[in-house]
Amino acid sequence: MVRRLCAMLALLLPTILYGLATPPTLRPPGIDHLAAVGPPRATPGGAEEPQGPPVAATEGSPAVPGTGEPAADRTADPSARDAPDGATDESSPPSDDADPAEPPPKLVPKLITKALNRFLAGRPAPVTAMVKDLKTGRSYRYHHHERLITASTAKVQILMALLLKTPWRKLSKATRRDADLMIRYSDNHAADRLWLRIGGAPGFTKAGRKFGLRHTAGVAGDCIDLYCWGITRTSAEDQIRLMKALTSKKSPLAKADQQAVLRLMAKVIKSQHWGISAGACKGQPSALKNGWLKRVSTKRWAIVSVGVIAGRYAVAVLTEGSADMGVGIATVEGVTKRIMPSFRRCR
């Protein structure tokens, strides 16, 4: 019996020793979580920032930051004389920072108009546009007689009207947050709150007159679930006057308040940074506000973009009647790209 036990131990001993000498293979702790994805970036108000083009709500639908425009289909009908289409030169002397070795291109309005007519030939929707060099006074107008709706670009005037009453430094934290939501995220309900603070349509119109606007008047009343600021009719020239009021030393707004508005316009969320920014040279900053609205009556889109490129070129392009939002954006950007080369050369 003893001999049998000794024989069995002799056979098993190498296996036992191998098992003791070789530790089991262990999976690193937590390996199932090493590839965890971080949380989505949240925007104010709890909405997730869109990663593609903004999804616009149809008129009357609720809006969240970064989506949609106000509703309804009533119009204001202000009228006033306007300058003719083409180029003007207000004979303002070039600024000290103008490069004398790099004169601006020759501005030939007939050629610009011809290029725009050709581009827009297959797009029957109404379009009006204006570009102005705020340093030299040179400008170009296209279809100056058109009065189209502002959509959410009216939010810039709402904020400017508010700052006429209360400077930025004296605004409450909640009001500043509403201003940020309204401009950077195009939040409609923040705009409604500030609309009430400026006195609604009368306050909006009164502020516009102080900024030199001639063709823009607020629309009173409710448009389904929002106030009617989004269907304000305006001209491209009035929108340029508004942009000039954000840069001019003679503006009713203090410099700090001008800068506060431009700072918000320069930081609109990425998904809304289309429109007139297409006319900027590489590396040039753009401060802008866009608007998009699908009208109930026609099922067509109004797409608008206004702003300032490189702190110097005020640009406004207003369109209506596009079959879809993408066509409207392409129209705005195409118009901008065909005008801007007559004002500056990209290096």
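Everything numeric here is computed off the predicted structure, so don't read it as measured data. (Residues numbered from 1 in each chain as written. Predicted model: local features only at pLDDT ≥ 70, side-chain atom pairs only at ≥ 80, totals over all residues. Heavy atoms only, no water.)

Participant: Honestly, the state of the cysteines in this entry has me stumped. Any pointers?
Facilitator: Covalent bonding between the sulfur atoms of two cysteines defines a disulfide. Applying the stated rule across the entire model yields 2 disulfides. A sulfur-sulfur separation of 1.9 Å characterises the disulfide bridge that pairs C223 with C228. One quick way to see it: the torsion about the S-S bond of C223 and C228 is about 115°, and its sign makes the bridge right-handed. When its relative accessible area of 1% is taken as the criterion, C223 is described as buried. Disulfide partner of C281: C346, at an S-S distance of 1.9 Å. Here the S-S torsion is close to -85°, and the disulfide linking C281 with C346 is therefore left-handed. With a gap of 65 residues between them, C281 in the loop between α8 (255–265) and β8 (286–294) and C346 in the segment after α9 (325–339) connect regions that are remote in the sequence. (Disulfide = S-S within 2.5 Å. Buried < 20%, exposed > 50% of the residue type's maximum accessible area, 1.4 Å probe, protein only. Helix = DSSP H or I, 4+ residues; strand = E, 2+ residues; numbered from the N terminus.)

Participant: I'm lost on α8 in this one. Help?
Facilitator: Side chains three or four residues apart in an α-helix point the same way, a direct result of the helix having 3.6 residues per turn. Among all positions in α8, only D257, Q258, A260, V261, L264 and M265 are buried. Taken end-on, α8 shows its buried residues confined to a sector of 160°, consistent with a single buried face. Along α8, the residues that are exposed and aim more than 90 degrees away from the buried face are K255 and A256. Those residues of α8 that are buried are in contact with α3 (154–165), α4 (173–184), α7 (236–244), β8 and β9 (301–309). (Arc of directions from axis to C-beta. Contact = heavy atoms within 4.5 Å.)

Participant: I keep staring at the pairing of strand β10 (residues 313–322) and nothing clicks. Help me out?
Facilitator: On any regular strand, side chains alternate: one points to one face of the sheet, the next to the other face. For β10, the buried fraction is high: 9 of the 10 residues fall into the buried class. Here strand β2 (residues 127–133) runs beside β10; their pairing, made up of 7 bridges, is antiparallel. By the bridge assignment for β10, D133 is matched with Y313. Note that β9 and β10 share 8 bridges and pair antiparallel. Each bridged residue has a counterpart across the sheet, and for S305 the counterpart in β10 is V317. (Pairing = 2+ DSSP bridges.)

Participant: Mind showing me how you'd approach the pattern of salt bridges here?
Facilitator: Side chains that carry opposite charge are capable of pairing whenever their charged atoms lie near each other. According to the stated counting rule, one finds 8 salt bridges in the structure shown. Salt-bridge contacts for R184 lead to D180; the nearest nitrogen and oxygen are separated by 3.3 Å. Residue R184 and its partner D180 are both found in helix α4; the two are separated by 4 residues, about one turn of the helix. Taking relative accessible area as the criterion, D180 reaches 18% and is therefore assigned buried. Residues D238 and R241 are paired through a salt bridge, measuring 2.6 Å at the closest nitrogen-oxygen approach. Residue D238 and its partner R241 are located together in helix α7, separated by 3 residues, close to a single helical turn. This pair shows no difference in class: D238 is buried, exactly as R241 is. Through salt bridges with shared partners, a single ionic network connects R141, E237, D238 and R241. (Salt bridge = Lys/Arg side-chain N within 4 Å of Asp/Glu carboxyl O.)

Participant: Even after reading the chapter, I still don't get the confidence of the model for the protein, so can you show me in this structure?
Facilitator: Low-pLDDT stretches of the model should not have their predicted coordinates read in fine detail. For the protein, the mean per-residue pLDDT works out to 79, and 71% of the residues sit at or above 70. In the predicted structure, residues 11–82 sits below a pLDDT of 50 and forms 128 contacts with residues beyond four places in sequence or in another chain. Segment residues 90–100 is flagged for pLDDT under 50; beyond a separation of four residues in sequence, or across chains, it makes 13 contacts in the model. (pLDDT = per-residue confidence, 0-100.)

Participant: Help me understand the environment of E333, please; the structure alone is not making it clear to me.
Facilitator: Relative to the helices and strands, E333 is located in helix α9. Discounting residues that sit within four places of it in the chain, E333 has contacts with W274, G275 and A278.

Participant: Got a minute to help me understand the nonpolar core in this structure?
Facilitator: Soluble globular proteins tend to pack their nonpolar side chains together in the buried interior. With 47 residues, the main nonpolar core has V156, I158, L159, M160 and M243 as its most contacted residues. Those elements that place two or more of their residues in this core are α3, α4, α5 (188–197), α6 (200–210), α7, α8, β9 and β10. By residue number, the principal contributor to this core is α3, which donates 8 residues. The contact partners of M160, leaving out residues within four places of it in the chain, are F211, L242, A245, L246, L253 and V261. Grouped together as the second largest cluster of nonpolar side chains are 29 residues, V127, V131, Y140 and W301 included. (Core = buried A, V, L, I, M, F, W, Y, C linked by side-chain atoms within 4.5 Å.)

Participant: What is the right way to look at the pairing of β2 in this model?
Facilitator: For β2, a buried count of 7 out of 7 residues is recorded, marking the element as mostly surrounded by other parts of the structure. Every second residue of β2 is oriented toward a common face, with V127, A129, V131 and D133 on one face and T128, M130 and K132 on the other, all of them buried. Examined bridge by bridge, β2 and strand β3 (residues 139–142) share 4 bridges and lie antiparallel to one another. Pairing of M130 across the sheet is with R141, part of β3. Taking the residues between adjacent antiparallel strands as the criterion, β2 and β3 are bridged by 5 residues, where G137 takes a positive phi near 90°.

Participant: Honestly, the side chain of R184 in this entry has me stumped. Any pointers?
Facilitator: Taking the relative accessible area as the measure of exposure, R184 reaches 19% and is therefore buried. Of note is the side chain of R184, whose polar atom sits 3.5 Å from the side chain of Y185. In contact with R184, other than residues within four places in its own chain, are L264, K267, V268, I269 and Q272. (Polar contact = N/O pair within 3.5 Å; in protein donor to acceptor, adjacent residues only side chain to side chain.)

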